[in-house]
Amino acid sequence: MTRLNKHTVRTALAALTTLTTLAMGVGCSDSDPSSDTRTLTQSFAGLDVLGADFVYEGWIIVDGAPVSTGRFNVDADGNPTTAAPTMPAAMVDSATTFILTIEPAVGDDPAPSAVHVLAGDLSGGVASLTVAHGAALATDFASAEGQFILETPSSAAPEDYNQGIWWLVPGDAPSAGLTLPALADGWAYEGWVVGSDGPVSTGTFTVAAGADSDLAGATGGPDGDGPPFPGQDFITPAVSLLGQTAVISVEPVPDTSAAPFALKPLVLMDIQDVMAPTTQFMSNNAAATNPTGVAMFE
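Every value quoted in this text rests on a predicted model; they were computed, and no experiment measured them.

**A word on the overall build of the protein chain**
Turning to step 1, where the next piece is worked out: Tallying secondary structure elements over the protein chain gives three helices and 20 strands in all.
Turning to step 2, where the next piece is worked out: Within the protein chain, the fraction of its 298 residues that count as buried is 42%.
Turning to step 3, where the next piece is worked out: Total accessible area computed for the protein chain in this model is approximately 14,800 Å², and 58% of it derives from carbon and sulfur atoms.

Below, the structure is given as structure tokens:
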């Protein structure tokens, strides 16, 4: 019988131990926690910092149902102010869409609100987020147009015409001065004049050929509510609008902010001293103010 020396035995045992360790490593790779989860990285441009009453919330659509990816606000650079969340890999791999909503900070319903800001289709765990996606506002506002007159229909004085702004085209039968896409649920348009003292709302509305929410406004004169179009008079106290900025924004509903939201599709920077029936035309500002973002699961 052939005898094995001790060195040969030790070498064989060491080789067997190495092979066993490698085999166990291959067989147990599915226990690596990193393979079971995905970390969500989010970046945004053009998103407003929300006040204390509201937060942003991300959602992925899995088998047709929304699953929250977490609630957060953003800093001035558009970065989320909370830690990057992790999600089960199997859930992320089944997700089709990422949606960003605005939610009440307190007393929120666990389902998504109607205020969808951004959305994008997920492919390879990455979604480019836009307002134009069908799960967000479904438009990029590139077709928006606007014109207005300076006039004070709630005042009989002829010389105070520069104290009122109305988004209409004058004539025997005045017509709407705004061409705007229909908004998704959870959103409304709002008119603004912005001067040295900051922005002042002229009222919210959802259709251009109709009165806004506050008619001639609390600062209007004694002669009525004005025409059935968005606008406002600034009679009491008297405020000249010359040199101020006119803005049409898109606002979440409800909204507690005293300033325009990030979406500002129409703007005229310097209101001119032009009497009706001459109109002043606004510039399309959508491309410069539409928020965008990227959601990436890694």
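Resuming the write-up.
**A word on the side chain of Glu103**
Turning to step 1, where the next piece is worked out: In this structure, Glu103 sits in strand 5 (residues 95-104).
Turning to step 2, where the next piece is worked out: Buried charge Glu103 goes without a salt bridge, the closest partner of opposite sign being Arg71 at 5.1 Å.

**What to know about the pattern of salt bridges**
Turning to step 1, where the next piece is worked out: Tallied over the full model, the rule gives three salt bridges.
Turning to step 2, where the next piece is worked out: In this structure, Arg71 and Glu57 form a salt bridge, with 3.3 Å as the shortest nitrogen-oxygen distance. You can see Arg71 sitting in strand 3 (residues 65-72) and its partner Glu57 sitting in strand 2 (residues 54-62), a full 14 residues away along the chain.
Turning to step 3, where the next piece is worked out: On the basis of relative accessibility, which here comes to 31%, the residue Arg71 falls in the partly exposed class.
Turning to step 4, where the next piece is worked out: Several salt bridges share partner residues, and in doing so they unite Glu57, Arg71 and Asp108 into one network.

**What to know about the environment of Ser155**
Turning to step 1, where the next piece is worked out: Secondary-structure assignment places Ser155 in the loop between strand 8 (145-150) and strand 9 (164-166).
Turning to step 2, where the next piece is worked out: On a C-alpha basis, the gap between Ser155 and Gly221 in space is 5.0 Å, while along the polypeptide they are 66 residues apart.
Turning to step 3, where the next piece is worked out: Not counting residues up to four positions away in its chain, the partners in contact with Ser155 are Asp160, Asp223, Asp233 and Ile235.
Turning to step 4, where the next piece is worked out: In terms of polar contacts, Ser155 uses its side chain to reach the side chain of Asp160, at 2.6 Å.

**Digging into the nonpolar core**
Turning to step 1, where the next piece is worked out: Among the nonpolar cores identified, the biggest contains 53 residues, and Tyr56, Phe98, Phe148, Trp187 and Ile271 are the most heavily contacted of them.
Turning to step 2, where the next piece is worked out: Among all residues touching Ile271, those that are not within four sequence positions of it are Phe148, Leu150, Ile165, Val193, Leu241, Leu242, Gly243, Gln244, Thr245, Ala246 and Gln280.
Turning to step 3, where the next piece is worked out: Judged by nonpolar contacts, the second largest core, of six residues, contains Ile61, Ile99, Ala119 and Ala136.

Criteria and cut-off values
- Residues numbered from 1 in each chain as written.
- Predicted model: local features only at pLDDT ≥ 70, side-chain atom pairs only at ≥ 80, totals over all residues.
- Heavy atoms only, no water.
- Helix = DSSP H or I, 4+ residues; strand = E, 2+ residues; numbered from the N terminus.
- Buried < 20%, exposed > 50% of the residue type's maximum accessible area, 1.4 Å probe, protein only.
- Areas by Shrake-Rupley, 256 points an atom, 1.4 Å probe, with all protein chains shown as cover.
- Lys, Arg positive; Asp, Glu negative; His and termini not counted.
- Salt bridge = Lys/Arg side-chain N within 4 Å of Asp/Glu carboxyl O.
- Contact = heavy atoms within 4.5 Å.
- Polar contact = N/O pair within 3.5 Å; in protein donor to acceptor, adjacent residues only side chain to side chain.
- Core = buried A, V, L, I, M, F, W, Y, C linked by side-chain atoms within 4.5 Å.

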